[in-house]
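So the chains spell out like this:
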Amino acid sequence: MKDSGRFDPAVADVRWQRRWDDERCFIADTDSGKPKTYVLEMFPYPSGRIHMGHVRNYTMGDVLARYRRMQGFEVLHPMGWDAFGMPAENAAMERGVHPDGWTRSNIAAMRDQLKRLGFALDWSREIATCDPEYYGHEQALFLDLYEAGLVYRKESEVNWDPVDMTVLANEQVIDGKGWRSGAEVERRKLSQWFLKITDFADELLDGLEGLGDWPEKVKLMQANWIGRSDGLRFRFEIAGEGAECDYPWVKAALAAAPEVEVFTTRPDTIFGASFVAIAPDHPLAQAVASENPDAAAFIAESKAGGTSAAEIETQEKRGFLTGLQAVHPLEPDWRLPVWIANFVLMEYGTGAVFGVPAHDQRDFEFATKFDLPIRRVVARADQDKDTPIGDEAEPGEGVIVNSRFLDGLSVDEAQQAVIRRAEDEGWGTRKTVYRLRDWGVSRQRYWGTPIPMIHCERCGPVAVPRDQLPVLLPDDVSFDIPGNPLDRNEAWRNAACPQCGGDARRETDTFDTFVDSSWYFIRFASQPIDKPFDSSEAEQWLPVDQYIGGVEHAILHLLYARFWTRALKRIGRLDIDEPFSGLFTQGMVTHETFRGADGRWLAPDEVRKDDQGNPIDAAGVPATRGRVEKMSKSKRNTVDPEPIVAKYGADAVRWFMLSDSPPERDLEWSEAGIEGAARFVQRVWRLASGSAGGEGEDAALARRVNRAVAAVGEAVDSLQFNKAVAQLYELVSAIEKAPPSSDRTKAVRTLVKLVAPMAPHLAEECWESLGEDGLVVTSEWPKFDPALLVEDEVTLAVQINGKLRDTLTAPRGLDRAEAEALALASDKVQRQLAGASPRKVIVVPDRLVNIVA
RNA sequence: GCCCCUGUGGCGGAAUGGUAGACGCGCUCGACUCAAAAUCGAGUUCCUAACCGGAGUGUCCGUUCGAGUCGGACCAGGGGCACCA
């Protein structure tokens, strides 16, 4: 290595990785007595190859883990595999491979790729969620929650492909059609298992306040997702007299329920109501449909399309007039028509709303379309009760008008007045509702954790007895027909009822993979054979001090994991409130997408540019340039780091991923710049290997090093790796320029330590070359002297009217008058002022003087 | 449609309301070399031949002695929307 004078990663990387392994450097010892810290990156789905997003994510975590270890912490930094999921079944269907074999070989390949990058991981704790040793414990935890009453069964809608006769994931619904069959997707109800996350809505919302080390935007998104809102829940009676009552469907509805309950967050606008709208699934709508074929047809039509909110909410707003008349609770003679509307959701509130077109945009559009009255009941200061409503609704603040006893009140006052009156008169109550819905965990798929329940015709659903866990996935399954192979596997499906011993059948649904990822961080901390985790051992490591992963998980995964942790606490299994005390959401690594002429996604290495720079495929056929999106297997826009690691070495790739782009920001992948990282690696190596020695002090360099130690530490602590990198570049330049001295020799040694978390192989090689004992990984992070951070000369900016006119060097600590005098003495200032005297002078000590002329 | 975020040189980006463009990439010129690679040095926002100066952080408006930073409106891009993970 020293022969060539160059650092050779092909040799060094392997060498040091083996050494770290041999010395068990990264095995976390629960009993070491050192202060503990838990650094965790979101575990990957084993899609086959790692991509640049993984490299970025795991490099960040690795830098922090190595830095903390050098600071003297006992660090838990584990890795595993979120191994269940749809792609394995897709591979099975497309290529006839078994999901298990496919997944295992992917894990093996990706583990090798991660090891090649030299991450400081405790591989002794590796887990894959598809291991029975993992999912069996998950089944046990589910039964714990079931016994605690936190699990129930209810009907819920899924995307149904009527041709393939199978349930589709939202991702498999493209423009309302099944991805394979191309058939129009329908919404169909299925009985499924739910976890009562709504029981924890308040806790999960209030708990956000204690999460000081979480990004504000994530907390905001979670709060909005939980969506607590206060309002009034009240009943409209359905009028029992009038011509409409002779309609058979109105009779049927009246027989089913003579009233409809609604929820509103705007009770103040109650006199602006022009209609009542109910969900197609509402019992009243169902009753109407039983006697009215048109209503039935409308409801059936509204079931077309997928279940995703994006799809439902962008659908055209449609309504069906039922003929039912709702009685206004404050004006007994006032009747509101009842509509069935496709935009009202049964899942939120009561599945019924009253429409106030003047002050709600959706109601406004509905009223405009169906020619319903638009009545102002809130007026801003520049409006009165007769100001017409313009082209859109006015949802804002103001004074109540056209509203009897509410006139003149503010929105807030009116809300309280209406709620009080409703409660006094007994037709409504104050109510808090949540946007958050319970968590449906049933998936009609094979490659997941079997739900440990047995359905018995006599006893109903019965839990699988603990001594029969784990419920193993059967191996003998085929994927030649669409649908869940567990359903067709008679031998596996048939079971005796644990309660009555009679014939029964296993639950063939498996868990949502978010269940698997809701507790893996606990299993990392403690992995006994006979139970999911040991509470006291897990509590020694938890909560995770720093969790790092993509922003795309800002809501679902993080909320489910928070819920699971709190549920475990409630049932007395784990005394932890929040699973992740620190969270960092890294930006995504994005890349261009391309589609070939046949519409299939093309991988980046399948696309070339023609003479005009237009994309063409390997055969020269023009390709379409798609959007720049996060790297994902499905869009085929991933970039495999392996050839780049092979060419430049692990450290250059790690360094490059940390440079330049702020870690929270999205990064559009480009290879331009990796050369610079490789060059930096060699620069550091030259400093360390060609170390000239030297005598005497270099106080200026020592100060410079001191400043770098402070700045790099601060940057890494706050995960601003790009700033740490810039600091290190500056430090290297400074050392290179400094003449030999004892301070320079020390500076090189400090530099190697500072670089170690980011470029660990290089650092070890340098450390050895400097003749130091032991490993850099286990050496101590350098300290700095805060007193040396203060410079005694400062540069003063001199502005006139806020524009920079001069800069002056001045001793630190000038008072205002001195600074002002100095600034006014400047030639450039005098020339600009041209004899005029300043009207005002603003002095920011040691920074700037602004002369207002 | 709803919620959240982002927007600064040719590129990635830096900048507690106080000198916009640190640092890196790229490019240009120079040194070293027979030559190249590597390395080292200088330069590099735009306009103006140059100086002086002027403009400039997606757009418009505002707050302020002073705005990339704070507020409002808008435009563009990205993420999430409960069965992708």
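Structure first, text after, so check above.
Residues numbered from 1 in each chain as written. Chains lettered and ligands numbered in written order. Predicted model: local features only at pLDDT ≥ 70, side-chain atom pairs only at ≥ 80, totals over all residues. Heavy atoms only, no water.

Trainee: For this particular structure, what's the right way to read the overall build of chain A?
Mentor: A tally of regular secondary structure across chain A gives 28 helices and 37 strands. Projecting the C-alpha coordinates of chain A onto the three principal axes gives extents of approximately 105 × 85 × 65 Å. Put simply, chain A has 853 residues, and 53% of those count as buried. Within chain A, contacts between residues separated by at least 24 positions form 72% of all contacts whose residues are at least 6 apart in sequence. (Helix = DSSP H or I, 4+ residues; strand = E, 2+ residues; numbered from the N terminus. Buried < 20%, exposed > 50% of the residue type's maximum accessible area, 1.4 Å probe, protein only. Contact = heavy atoms within 4.5 Å.)

Trainee: Can you help me understand the protein's contact with RNA strand B in this one?
Mentor: As a structural note, the neighbourhood of RNA strand B is formed by 70 residues, with Asn170, Arg443, Arg445, Lys723 and Asn850 the closest of them. Contact distances for RNA strand B include 3.1 Å between a phosphate oxygen and a backbone N or O atom of alanine 309. Glutamine 799 places a side-chain nitrogen or oxygen 3.4 Å from a base nitrogen of RNA strand B. Here the surface near RNA strand B is built from residues that sort into 26 nonpolar, 20 polar and 24 charged. (Near = heavy atom within 4 Å. Polar contact = N/O pair within 3.5 Å; in protein donor to acceptor, adjacent residues only side chain to side chain. Nonpolar A, V, L, I, M, F, W, Y, C, P; charged D, E, K, R; others polar.)

Trainee: Hey, could you run me through helix 10 (residues 293–301) in this one?
Mentor: Along an α-helix, residues three or four apart share an orientation, since each turn contains 3.6 residues. Among all positions in helix 10, only Ala295, Phe298 and Ile299 are buried. Across the axial projection of helix 10, the buried residues extend over an arc of 95°, all falling on one side. Those residues of helix 10 that are exposed and angled more than 90 degrees off the buried face are Pro293, Asp294 and Ala300. The elements touched by buried residues of helix 10 are helix 9 (283–291), strand 13 (319–327) and strand 14 (335–341). (Arc of directions from axis to C-beta.)

Trainee: Help me understand the side chain of threonine 449, please; the structure alone is not making it clear to me.
Mentor: Structurally, the position occupied by threonine 449 is in the loop between strand 20 (442–443) and strand 21 (453–456). Reaching out from threonine 449, the side chain makes a polar contact with the side chain of glutamate 138 at a distance of 3.4 Å. Ignoring any residue separated from it by four or fewer positions in sequence, one finds threonine 449 in contact with Phe84, Tyr135, Glu138, Gln139, Thr510, Phe511 and Asp516.

Trainee: What exactly am I supposed to notice about the packing of helix 22 (residues 674–689) against helix 25 (residues 742–755) here?
Mentor: Two packed helices can be described by the angle between their axes and the distance between those axes. Interhelical geometry of helix 22 versus helix 25 gives an angle of 140° and a closest axis separation of 10 Å. When the interaxial angle is binned, helix 22 and helix 25 end up oblique. Remark: the crossing between helix 22 and helix 25 carries left-handed chirality. Facing helix 22, whose interface residues are Phe680, Val684, Leu687 and Ala688, helix 25 presents Arg744, Val748, Leu751, Val752 and Val755. The class makeup of the residues in the contact of helix 22 with helix 25 is eight nonpolar, no polar and one charged. (Axes fitted to C-alpha atoms, helices over the stretch in contact; angles between N-to-C directions. Parallel < 35°, antiparallel > 145°, perpendicular 65-115°, else oblique. Left-handed = near helix turned anticlockwise from the far one by under 90°.)

Trainee: Even after reading the chapter, I still don't get helix 12 (residues 361–370), so can you show me in this structure?
Mentor: Burial in helix 12 covers these residues: Asp363, Phe364, Phe366 and Ala367. Each buried residue of helix 12 sits inside an arc of 165° when the element is viewed along its axis, so together they form one side. Considering only its buried residues, helix 12 is in contact with strand 12 (275–278), strand 13, strand 14 and strand 15 (352–355). Capping the start of helix 12 is the job of one residue whose side-chain oxygen sits 3.0 Å from the backbone nitrogen of arginine 362: aspartate 360. Residue aspartate 371 follows helix 12 closely and has a positive phi angle near 60°.

Trainee: Teacher, can you tell me more about the pattern of salt bridges here?
Mentor: Between side chains of opposite charge, pairing is possible as soon as their charged atoms come close. Under the definition given, this model contains 56 salt bridges. Note that glutamate 791 and arginine 707 form a salt bridge whose closest N and O atoms lie 3.1 Å from each other. You can see glutamate 791 sitting in the loop between helix 26 (760–769) and strand 34 (793–800) and its partner arginine 707 sitting in helix 23 (residues 699–717), a full 84 residues away along the chain. Arginine 707 gets classed as partly exposed once you look at its relative accessible area, which sits at 33%. Counted as one network, the salt bridges with shared partners bring together Asp199, Glu203, Arg562, Arg566, Arg570 and Glu578. (Salt bridge = Lys/Arg side-chain N within 4 Å of Asp/Glu carboxyl O.)

Trainee: I keep staring at the nonpolar core and nothing clicks. Help me out?
Mentor: Nonpolar side chains in soluble globular proteins tend to be buried together. If you look at the biggest cluster of nonpolar residues, it comprises 172 residues, and the most contacted ones within it are Tyr38, Tyr520, Phe521 and Leu728. With residues near it in sequence (within four places) discarded, phenylalanine 521 still touches Tyr38, Leu40, Leu542, Val544, Ala561, Thr565, Pro579 and Phe580. The next biggest cluster of nonpolar side chains, apart from the first, holds 44 residues, and it includes Phe298, Trp334, Val356 and Val378. (Core = buried A, V, L, I, M, F, W, Y, C linked by side-chain atoms within 4.5 Å.)

Trainee: What am I meant to see in the sheet that holds strand 5 (residues 151–161) here?
Mentor: As a general point, the strands of a sheet are linked pairwise by backbone hydrogen bonds and lie either parallel or antiparallel. The four strands lie next to each other as 6-5-9-19, forming an open sheet whose pairing is antiparallel. In this open sheet, the two strands that pair with only one neighbour each are strand 6 (166–168) and strand 19 (439–440). One ladder, built from two bridges, connects strand 9 (residues 186–195) with strand 19; its direction is antiparallel. Looking at strand 19, one finds that leucine 195 is bridged to tryptophan 439. (Pairing = 2+ DSSP bridges.)

Trainee: Would you mind showing me how to read the packing of helix 9 against helix 10 here?
Mentor: Orientation of helix 9 relative to helix 10, taken along the N-to-C sense of each, is 130°, at an axis distance of 6 Å. As far as their axial angle goes, helix 10 and helix 9 are oblique. Residue-level contacts link Ala285, Gln286, Val288, Ala289 and Glu291 of helix 9 to Pro293, Ala295, Ala296 and Ile299 of helix 10. Per-class residue counts for the contact of helix 9 with helix 10 are seven nonpolar, one polar and one charged.

Trainee: Hey, could you run me through the sheet that holds strand 34 in this one?
Mentor: The mixed open sheet is built from four strands, whose spatial order is 35-34-37-36. Of all the strands in the sheet, just strand 35 (803–811) and strand 36 (840–844) have a single pairing partner and so form its edges. Strand-to-strand, the axes of this sheet are offset by a mean angle of 20°, without reference to chain direction.

Trainee: In this structure, what is going on with the side chain of glutamate 41? I would like to understand it.
Mentor: You can see glutamate 41 is positioned in strand 1 (residues 36–41). One buried charged residue, glutamate 41, remains without a salt bridge, the closest side chain of opposite sign being arginine 654 at 9.4 Å. Each residue touching glutamate 41, except ones within four places of it in the same chain, is listed here: Asn57, Tyr58, Gly61, Asp62, His77, Met79, Tyr520, Tyr547 and Ile548. (Lys, Arg positive; Asp, Glu negative; His and termini not counted.)

Trainee: Before we go on, may I ask you to explain unusual backbone geometry in this structure?
Mentor: Phi is mostly negative for residues that are not glycine, and the peptide bonds are mostly trans. Leucine 469 connects to proline 470 through a cis peptide bond whose omega is -5°. Relative to the helices and strands, proline 470 is located in the loop between strand 22 (460–463) and helix 14 (485–488). Geometrically, the link from leucine 542 to proline 543 is a cis peptide bond, its omega value of -5° lying close to zero. Within the element layout of this structure, proline 543 appears in the loop between helix 18 (535–541) and strand 26 (546–550). Positive phi, normally seen in glycine, also occurs at aspartate 175, with a value near 50°. Secondary-structure assignment places aspartate 175 in the loop between strand 7 (173–174) and strand 8 (177–178). Positive phi outside glycine occurs at asparagine 801, with the angle close to 50°. Since its relative accessible area comes to 48%, asparagine 801 is described here as partly exposed.

Trainee: What is the right way to read the packing of aromatic side chains from this model?
Mentor: Note on aromatic pairs: each is described by the distance of the centres and the angle between the planes. Following the criterion strictly, the structure yields 39 aromatic pairs and no others. With a centroid separation of 5.5 Å and 80° between ring planes, the pair formed by phenylalanine 234 and tryptophan 427 is classed as edge-to-face. Of the two residues, phenylalanine 234 sits in strand 10 (residues 229–238) while tryptophan 427 sits in the loop between helix 13 (411–425) and strand 18 (428–433), which places them 193 residues apart along the sequence. In this structure phenylalanine 234 comes out as buried when scored by relative accessible area, which is 0%. Judged by relative accessible area, tryptophan 427 falls into the buried class, the value being 10%. On the numbers, 4.8 Å between centres and 55° between planes, the contact of phenylalanine 366 with phenylalanine 370 is tilted. Of this pair, phenylalanine 366 and phenylalanine 370 both sit in helix 12, four residues apart, which is roughly one turn of that helix. (Phe/Tyr/Trp six-rings, centres within 6.5 Å; stacked < 30°, edge-to-face > 60°.)

Trainee: Is there a simple way to explain the pairing of strand 9 in this structure?
Mentor: In regular strands, side chains alternate between the two faces of the sheet. Across ten bridges, the pairing between strand 5 and strand 9 is antiparallel. When the sheet's bridge partners are listed, tryptophan 160 is paired in strand 9 with glutamate 186.

Trainee: Looking at this structure, I do not really get the environment of glycine 396. What am I missing?
Mentor: Examined against the element boundaries, glycine 396 turns out to sit in the loop between strand 16 (378–379) and strand 17 (399–400). Sequence spacing of glycine 396 and leucine 719 is 323 residues, and the spatial spacing of their C-alpha atoms is 40 Å. In contact with glycine 396, not counting residues within four places along its chain, are Arg266 and Val378.

Read these as geometric descriptors, not functional statements.
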